[in-house]
Amino acid sequence: MTTIRVLIADDQMMVRQGFTVLLNAEPGIEVVGQAVDGLDALTQVAELAPDVVLMDVRMPRLGGIEATRRLTEPAGASVKVLVLTTFDLDEYVYEALRAGASGFLLKDASAEELAHAVRVVAAGEALLAPNLTKRLIAEFSRVTSSPRAPLKDRVGDLTERETEVLSLIAQGLTNGEIAERLVLAEQTVKSHVGRILGKLGLRDRTQAAVFAYETGLIRPTGY
């Protein structure tokens, strides 16, 4: 079993230590470092090469949103960011995903939910706390009431099937769930996802979900 290497970035020592104990007790997960703020996280990611960073939103010197952006923007960046916060506010969900986060989870999540989130994000899937999903959709609708033309034009590069797969990615479905919904082999869905990311110049399926909302491909009326 490949061990998932995790870095925890939070300005509260008790939070860092608590998450470390919880995650180190999980098979296949190892906490390799703790960062006290966003700048410290950037340094430690460069030194320790973790697979996943658990990133707090509000931290001194450099907050989690900007730190996430700096970690995920470089071409070839492989680290995944799972944003953790006590603040149940739409703006954080939206900005975290825009910045490149692969997931968003509230700090009151159970140990089981936290470990599951780390595994999902490490596997390249997107993850959102279920109680935030509806508000996230509403937020995307509010800020993207008029789809940006250049983005909307790029949807035309996709085939009908790829567009269908993209819409399901944006709804939070995994490859397995998409395969079941469309009656396809999971490997076929994986191939579609790869082509979608390549055609649209996107890093991962979370960016693909953001793209789908911003182009108006997905609207709240569909839920």
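You'll find the structure just up there.
This report concerns the structure included in the present document. For clarity, every value in this text was computed on a predicted model and none was experimentally measured.

**Quick look at the pattern of salt bridges**
Part 1 of the reasoning: Per the stated rule, a full pass over the model turns up nine salt bridges.
Part 2 of the reasoning: We note a salt bridge from Asp 37 to Arg 61, for which the minimum N-O separation is 2.7 Å. Residue Asp 37 is found in the loop between β2 (29-35) and α2 (38-48), and its partner Arg 61 is found in the loop between β3 (52-56) and α3 (64-72); the two are separated by 24 residues along the sequence.
Part 3 of the reasoning: The partner of Arg 161 in a salt bridge is Glu 164, with the nearest N and O atoms 2.9 Å apart. Here Arg 161 pairs with Glu 164, and both are found in helix α8 (residues 160-170), just three residues apart, close to one helical turn.
Part 4 of the reasoning: Residue classification places Glu 164 among the partly exposed residues on the basis of a relative accessible area of 34%.

**Considerations on the environment of Val 120**
Part 1 of the reasoning: Looking at the secondary structure, you find Val 120 in helix α5 (residues 111-122).
Part 2 of the reasoning: Separated by 17 residues in the primary sequence, Val 120 and Gly 103 have C-alpha atoms spaced 8.8 Å apart.

**Quick notes on the side chain of Thr 72**
Part 1 of the reasoning: Its place among the elements puts Thr 72 in helix α3.
Part 2 of the reasoning: Taking relative accessible area as the criterion, Thr 72 reaches 3% and is therefore assigned buried.
Part 3 of the reasoning: A distance of 2.9 Å separates a polar side-chain atom of Thr 72 from the backbone oxygen of Thr 68.
Part 4 of the reasoning: Within the structure, the side chain of Thr 72 is placed 3.0 Å from the backbone oxygen of Ala 99, a separation counted as a polar contact.
Part 5 of the reasoning: Discounting chain neighbours no more than four positions away, the residues touching Thr 72 are Ala 77, Val 79, Val 81, Ala 99, Gly 100 and Arg 203.

**Notes on the pairing of strand β5 (residues 103-106)**
Part 1 of the reasoning: Neither face of β5 is open: one carries Gly 103 and Leu 105, the other Phe 104 and Leu 106, and all of them are buried.
Part 2 of the reasoning: Across four bridges, strand β4 (residues 80-85) lies against β5 in parallel orientation. Looking at β5, one finds that Leu 82 is bridged to Gly 103.

**A short note on the side chain of Gln 44**
Part 1 of the reasoning: Along the chain, the position of Gln 44 falls in helix α2.
Part 2 of the reasoning: Among the residues examined, Gln 44 registers a relative accessible area of 13% and is labelled buried.
Part 3 of the reasoning: Setting aside residues up to four positions removed in sequence, Gln 44 forms contacts with Leu 7, Gly 33, Gln 34, Ala 35, Ala 49 and Pro 50.

**Some points on the packing of α2 against α3**
Part 1 of the reasoning: Between α2 and α3, whose axes approach to 9 Å, the crossing angle comes to 25°. Between α2 and α3, the angle is such that the two are roughly parallel. Crossing angle aside, the handedness with which α2 passes α3 is right-handed. Residues Gly 38, Leu 39, Leu 42 and Val 45 of α2 touch α3, and the partners they reach there are Ala 67, Arg 70 and Leu 71.
Part 2 of the reasoning: Here the residues of the contact of α2 with α3 sort into five nonpolar, one polar and one charged.

Calculation criteria
- Residues numbered from 1 in each chain as written.
- Predicted model: local features only at pLDDT ≥ 70, side-chain atom pairs only at ≥ 80, totals over all residues.
- Heavy atoms only, no water.
- Salt bridge = Lys/Arg side-chain N within 4 Å of Asp/Glu carboxyl O.
- Helix = DSSP H or I, 4+ residues; strand = E, 2+ residues; numbered from the N terminus.
- Buried < 20%, exposed > 50% of the residue type's maximum accessible area, 1.4 Å probe, protein only.
- Polar contact = N/O pair within 3.5 Å; in protein donor to acceptor, adjacent residues only side chain to side chain.
- Contact = heavy atoms within 4.5 Å.
- Pairing = 2+ DSSP bridges.
- Axes fitted to C-alpha atoms, helices over the stretch in contact; angles between N-to-C directions.
- Parallel < 35°, antiparallel > 145°, perpendicular 65-115°, else oblique.
- Left-handed = near helix turned anticlockwise from the far one by under 90°.
- Nonpolar A, V, L, I, M, F, W, Y, C, P; charged D, E, K, R; others polar.

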